Amino acid sequence: MEKLFTKKRILGDEPALNGLVAADMQLTSLVKEKKVPGLAITVLKDGEKFFQKGYGFADMEEKVLVNPQSSVFRIASISKPISATALAHMVSEGLIDLDASFYTYVPYYPKKKYDFTIRQLASHTAGIRGYRGVEYGLNKTYSIKESIEIFKDDELLFKPGTDYLYNSFDWVLISLAMQEVSGIPFEEYVKQKVLGPLEMSNTFWPAFDCPQSGPADEVGQTPMVFEEQKRALTRAASVRAQSRTSDVVKFYSKNRLGFREAIPVDNFYKLAGGGFLSTTEDIAKLGQAYLQGKVISSKLQKDFLTAQKINGASTYYGLGWQVSEDVKGRPYYGHVGNGVGGYSNFFVYPNENMVFSILTNCTDPKIQLELDVIIDQFISSDNLIL
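This is a predicted model, so every value here is computed, not measured.

## So, the pairing of strand β6 (residues 258-261)
Bridge analysis of strand β5 (residues 252-255) against β6 gives four bridges, and the strand direction is antiparallel. Bridge pairing in β6 places Lys254 opposite Phe259. Hairpin connection between β5 and β6: a loop of two residues separates the two successive antiparallel strands.

## Let's talk about the packing of aromatic side chains
When we look at a pair of aromatic rings, we describe it by the centre distance and by the angle of the planes. For the structure shown, the criterion picks out 21 aromatic pairs. Here the aromatic rings of Tyr103 and Tyr109 are separated by 6.2 Å at their centres, their planes lie at 45°, and the arrangement is tilted. The burial state of Tyr103 is the same as that of Tyr109; both residues are buried. Judged by centre distance (5.8 Å) and plane angle (80°), the ring pair of Tyr349 and Phe356 falls under edge-to-face. Here Tyr349 and Phe356 have matching classes, each one buried. Chaining the aromatic ring pairs together yields one cluster made of Phe50, Phe51, Tyr332, Phe347, Tyr349, Phe356 and Phe378. Over the ring of Phe251 we find Arg74; its NZ or CZ atom is 3.7 Å from the centre of that ring.

## Quick word on unusual backbone geometry
Although it is not a glycine, Tyr316 adopts a positive phi angle of roughly 60°. Looking at where Tyr316 falls in the secondary structure, it is placed in the loop between β9 (313-314) and β10 (322-325). Given the relative accessible area of 51%, Tyr316 is considered exposed. Its identity as a non-glycine residue notwithstanding, Lys366 has a phi of 60°, on the positive side. When you line up the elements, Lys366 lands in the loop between β13 (354-360) and α13 (368-379). A relative accessible area of 62% places Lys366 in the exposed class.

## Focus: the environment of Lys191
Secondary-structure assignment places Lys191 in helix α7 (residues 186-195). The spatial distance from the C-alpha of Lys191 to the C-alpha of Phe204 is 8.3 Å, given a sequence separation of 13 residues.

## Comments concerning helix α3 (residues 79-92)
Taking 1.5 Å per residue as the helical rise, α3 with its 14 residues ought to reach 20 Å, and the 20 Å between its terminal C-alpha atoms agrees with that figure. With respect to burial, α3 is a largely interior element, 13 of its 14 residues being buried. Among the residues trailing α3, Gly94 stands out with phi positive, at a value near 80°.

## Overview of α7
In an α-helix, one turn spans 3.6 residues, which is why side chains three or four residues apart end up on the same side. Every buried residue of α7 is listed here: Phe186, Glu187, Tyr189, Val190, Val194 and Leu195. For α7, the angular spread of buried residues about the axis comes to 160°, placing them on one side. Of the surrounding elements, those touching the buried residues of α7 are α3, α5 (144-147), α6 (169-182) and α10 (271-275).

## Overview of the pattern of salt bridges
Across all of its chains, the model carries 19 salt bridges by this definition. Salt-bridge contacts for Asp282 lead to Lys285; the nearest nitrogen and oxygen are separated by 3.8 Å. Of this pair, Asp282 and Lys285 both sit in helix α11 (residues 280-291), three residues apart, which is roughly one turn of that helix. Using a relative accessible area of 2% as the deciding quantity, one classes Asp282 as buried. Salt-bridge contacts for Asp376 lead to Arg330; the nearest nitrogen and oxygen are separated by 2.6 Å. Of this pair, Asp376 sits in helix α13 while Arg330 is found in the loop between β10 and β11 (331-339), placing the two residues 46 residues apart along the sequence. Considered together, Asp376 and Arg330 belong to a single accessibility category, that of buried residues. Residues joined by salt bridges that share partners form a network here, namely Arg129, Arg132, Glu135 and Asp154.

Reading the values: the criteria
Residues numbered from 1 in each chain as written. Predicted model: local features only at pLDDT ≥ 70, side-chain atom pairs only at ≥ 80, totals over all residues. Heavy atoms only, no water. Pairing = 2+ DSSP bridges. Helix = DSSP H or I, 4+ residues; strand = E, 2+ residues; numbered from the N terminus. Phe/Tyr/Trp six-rings, centres within 6.5 Å; stacked < 30°, edge-to-face > 60°. Buried < 20%, exposed > 50% of the residue type's maximum accessible area, 1.4 Å probe, protein only. Lys NZ or Arg CZ within 6 Å of the ring centre and 35° of its normal. Expected span 1.5 Å × (residues − 1). Arc of directions from axis to C-beta. Contact = heavy atoms within 4.5 Å. Salt bridge = Lys/Arg side-chain N within 4 Å of Asp/Glu carboxyl O.

Here's what the structure looks like:
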């Protein structure tokens, strides 16, 4: 009780100032209480920076501090709105029809009992299964096309359009269809249509890890052949890593004793659904572009940001975007992401004209309730703090 009165004496009763300071204190406490190693946040209001700050460590061992402008995190499922934006461009160009069969674009995918469309994949109503067992943390070097071997022979879990099941394999299939239609790598199309135009220069995809060489009799190749393959993989790495910088944070997971370095994973194959890396500032640019209607046509934007319905009930999910209301009834769209070594929030509040981008470098830190409160505190504040 004494701390409460002390706070009121220092801050007074101005609700806006109290909201900002309270939000900052709660963000600080997430690090102090060892709930996350590091966190970055960028908040925009009316197109301007309202709040931007880094907390904790990008690298705990080296004591490298988080920088909200340059620290690069795994953004997990925030990748979906980025990919959905690229898909919208492809739809506007007439290359993909959302209501066409997936097999129109990928005819070699094993036939299932039911047909399903691109729209159903994008809205998670196609019946494709989710991760099983260790699939969540795979560390195998798959191309997008190669990766469908993980789930391609499994039957649909339900008749498309009759149920909803959130998963990232849906977006593996969408990215494959986009790649087949465009004739260029999925990541390059995203770079050309989304990352470049929106100046998201710190958003990129995972580096390619070349396999280490072993004795020739183990790999069944002569050293010369193996070295040539390794050189080819290195050339591929220069394409896949493109913007990789020293600002990529170290990825952690929690255990009873604190934080440990997260298991190694290769997320390239599921780039569209959960593989991109980015900064809070870059993600905020995407949200602001949507607020200003600068990305795609208003008709197409409305299509992607309209929650789908199953038997008349909302799924609270559009096409690659979560579309819902918070506990106070305020509409928003965006995405929450959780992956190995990263947890993320991206919310656009159109009525408040605000964008929130929050990234951490820890697997499932279980802080969503705290983040919800913090976002509410920012919405209740109207002071400009950079």
